[in-house]
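Spelled out, the chains give:
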Amino acid sequence: MLTVYPQTKTYFSHWSDLSIGSGPVKAHGKKVMGGVADAVASIDDLTGGLQAKSELHAFKLRVDPANFKTLSHCINVVIANMFPKDFTPEAHVSFDKFLACVSLALSDKYR
Amino acid sequence: MVEWTDFERDTIQDIFSKIDYDTVGPAALARCLVVYPWCQRYFGNFGNLYNAAAIKSNPMVAKHGTTILHGLDRAVKNMDDIKNTYAELSVLHSEKLHVDPDNFKLLTDCLTIVVAGQMGKDFTGEVQAAFQKFLAVVVSSLGRQYH
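Conventions we followed
- Residues numbered from 1 in each chain as written.
- Chains lettered and ligands numbered in written order.
- Predicted model: local features only at pLDDT ≥ 70, side-chain atom pairs only at ≥ 80, totals over all residues.
- Heavy atoms only, no water.
- Helix = DSSP H or I, 4+ residues; strand = E, 2+ residues; numbered from the N terminus.
- Rg over C-alpha atoms; globule rule 2.2 N^0.38 Å.
- Buried < 20%, exposed > 50% of the residue type's maximum accessible area, 1.4 Å probe, protein only.
- Contact = heavy atoms within 4.5 Å.
- Axes fitted to C-alpha atoms, helices over the stretch in contact; angles between N-to-C directions.
- Parallel < 35°, antiparallel > 145°, perpendicular 65-115°, else oblique.
- Left-handed = near helix turned anticlockwise from the far one by under 90°.
- Nonpolar A, V, L, I, M, F, W, Y, C, P; charged D, E, K, R; others polar.
- Buried area = accessible area lost by both parts, 1.4 Å probe.
- Salt bridge = Lys/Arg side-chain N within 4 Å of Asp/Glu carboxyl O.
- Polar contact = N/O pair within 3.5 Å; in protein donor to acceptor, adjacent residues only side chain to side chain.
- Expected span 1.5 Å × (residues − 1).
- Arc of directions from axis to C-beta.
- Phe/Tyr/Trp six-rings, centres within 6.5 Å; stacked < 30°, edge-to-face > 60°.
- pLDDT = per-residue confidence, 0-100.

Student: Residue-level account of the overall build of chain B, with values.
Tutor: Check the secondary structure of chain B and you find 8 helices and 0 strands. Along chain B, from the amino end to the carboxyl end, the secondary structure elements read α-α-α-α-α-α-α-α. Whereas a compact globule of 147 residues would reach a radius of gyration of roughly 15 Å, chain B reaches 15 Å, a difference of no more than 12%. Taking the principal axes of its C-alpha atoms as reference, chain B extends roughly 45 × 40 × 20 Å. Within the span of chain B, comprising 147 residues, buried residues form 50% of the whole. For chain B, the share of sequence-separated contacts (at least 6 apart) that also reach a separation of at least 24 residues comes to 74%.

Laid out in structure tokens, this is it:
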């Protein structure tokens with residue numbers, strides 16, 4: 001995401017190294033995917049399950065919600081790259097739908 | 001005029017020389033019709049698109065997918081003037097086919113995902129950036145003649 005959509009780097013100006021594979025990028029990527037995993041556990045009530053994270057992104061991080069779509073696309077690309085046989089069109093549509101719902105839940109507290 | 005680095009030029013030529021058009025084209029279009037079902041509105045005469053299995057085995061989808069990918073060849077060969085290369089196709093998509101230009105991006109996202117699945121570890125972040133920049137220029141050129 002940081003490489004393909006350089007405008008997203010603006011949120012991480014406090015990191016020393018934004019290159020692929022750098023320490024901060026790897027650690028934060030792991031953290032974000034952990035958040036997505038938490039969302040999987042709350043799949044039947046994403047708005048409730050993600051309320052705290054939504055407040056974080058809305059009031060503290062102030063991330064423009066358009067970027068959730070950008071990151072979702074990059075997650076899809078990486079998963080397709082790592083699991084080419086399993087990421088069928090059916091799996092892709094299910095996962096993309098899920099990420100769209102997560103993005104919506106994450107935007108819930110913005111206004 | 002779009003500025004291309006040597007890495008970007010080499011990457012685009014490399015990708016298009018490696019992919020199998022008859023696999024990637026159909027896969028990308030089929031994936032687009034499954035993941036973004038509203039795109040099916042433009043393919044009313046393609047027959048059975050009722051479910052993913054039908055879409056993936058539909059011969060008209062396959063043929064059209066290959067056609068679209070070969071259409072990208074023109075841009076690959078004319079990277080310094082993609083805008084004019086696609087002027088006529090842009091008019092076609094606007095005046096005759098009436099395709100919402102937002103759909104171009106959906107198709108290129110699916111194409112990126114199909115190519116990512118094919119290229120394995122060669123599909124680095126830098127390669128993806130070059131590929132998506134190229135596709136963004138194509139998408140922009142195709143939308144240019146709309147009014």
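Student: Account for the packing of helix α4 (residues 66–82) of chain A against helix α7 (residues 102–119) of chain B, naming residues and giving values.
Tutor: For any two helices packed against each other, the geometry comes down to the angle between their axes and how far apart the axes lie. The N-to-C vectors of α4(A) and α7(B) enclose an angle of 30 degrees; their axes lie 7 Å apart at closest approach. Between α4(A) and α7(B), the angle falls in the class roughly parallel. Our pair here, α4(A) against α7(B), has a crossing hand that is right-handed. On α7(B), the residues that touch A:His73, A:Asn76, A:Val77, A:Ala80 and A:Asn81 of α4(A) are B:Asp109, B:Thr112, B:Ile113, B:Ala116 and B:Gly117. Split by residue class, the contact of α4(A) with α7(B) holds 4 nonpolar, 5 polar and 1 charged.

Student: Go over the interface of chain A and chain B with me, naming the residues and quoting the values.
Tutor: Listed by partner, the interface residues are 18 residues for chain A and 19 residues for chain B. Between chain A and chain B the total buried area reaches about 1600 Å² when both faces are included, carbon and sulfur atoms providing 62% of it. Counting across the interface, chain A meets chain B through 1 salt bridge. Its salt-bridge partner being A:Glu90, residue B:Lys56 comes within 2.8 Å of it at the nearest N-O pair. For the interface between chain A and chain B, the tally reads 7 residue pairs in polar contact (both at pLDDT 80 or more). Elements with a contribution of two residues or more to the side of chain A that touches chain B: α4 and α5 (89–106) of chain A. Among the elements that line the side of chain A that touches chain B, the one with the most residues is α4(A), at 6 residues.

Student: Could you give an account of the pattern of salt bridges, naming the residues involved and the relevant values?
Tutor: All names here are of chain B. Scanning the entire structure with this criterion turns up 7 salt bridges over all chains. With its nearest N and O atoms 3.0 Å apart, the salt bridge here joins Glu8 to Lys133. Placement of the pair is Glu8 in helix α1 (residues 6–18) and Lys133 in helix α8 (residues 125–143), with a sequence separation of 125 residues. Looking at Glu8, the relative accessible area reads 13%, which means it is buried. Judged by its relative accessible area of 28%, Lys133 is partly exposed.

Student: With reference to specific residues and values, describe the environment of B:Gly71.
Tutor: By the element assignment, B:Gly71 lies in helix α4 (residues 59–77). Owing to a relative accessible area of 18%, B:Gly71 belongs among the buried residues under this scheme.

Student: Describe the side chain of B:Ser141, and please don't skip the residues or the numbers.
Tutor: Mapped onto the fold, B:Ser141 is located in helix α8. Discounting chain neighbours no more than four positions away, the residues touching B:Ser141 are B:Ile82, B:Lys83, B:Tyr86 and B:Ser90.

Student: Describe α1(B), listing the residues and the values that go with them.
Tutor: Residue and element names in this part refer to chain B. Here α1 contains 13 residues, and its C-alpha end-to-end distance of 18 Å stays within 8% of the 18 Å for a straight helix at 1.5 Å per residue. Within α1, the full set of buried residues consists of Glu8, Thr11, Ile12, Ile15 and Phe16. Each buried residue of α1 lies within a common arc of 120 degrees when the element is viewed along its axis, so the set occupies one face. Away from the buried face of α1 by more than 90 degrees, exposed residues Asp6, Asp10, Ser17 and Lys18 are located. Elements that come into contact with the buried residues of α1 comprise α2 (21–35), α4, α7 and α8.

Student: Help me get a handle on the packing of aromatic side chains, residues and values and all.
Tutor: Centre-to-centre distance and the angle between the planes together describe a pair of aromatic rings. Enumeration over the complete set of coordinates arrives at 10 aromatic pairs over all chains. By the ring-pair criterion, three or more aromatic residues cluster together here, those being B:Trp4, B:Phe16, B:Tyr21, B:Phe131 and B:Phe134.

Student: How would you explain the confidence of the model for chain A if you had to name every residue and give the values?
Tutor: With 100% of its residues at a pLDDT of at least 70, chain A reaches an overall mean of 94. Mean pLDDT across the elements of chain A ranges from a minimum in helix α3 (residues 51–61) of chain A, with 94, to a maximum in α5(A), with 97.

Student: Please give an account of the packing of α1(B) against α4(B) that cites residues and values.
Tutor: All names here are of chain B. Look at α1 against α4: their axes get within 11 Å of each other, and the N-to-C directions meet at 150 degrees. In terms of orientation, α1 lies roughly antiparallel with respect to α4. Note on packing geometry: the crossing formed by α1 with α4 is left-handed. Facing α1, whose interface residues are Ile12, Gln13 and Phe16, α4 presents Leu69, Leu72, Asp73 and Val76.

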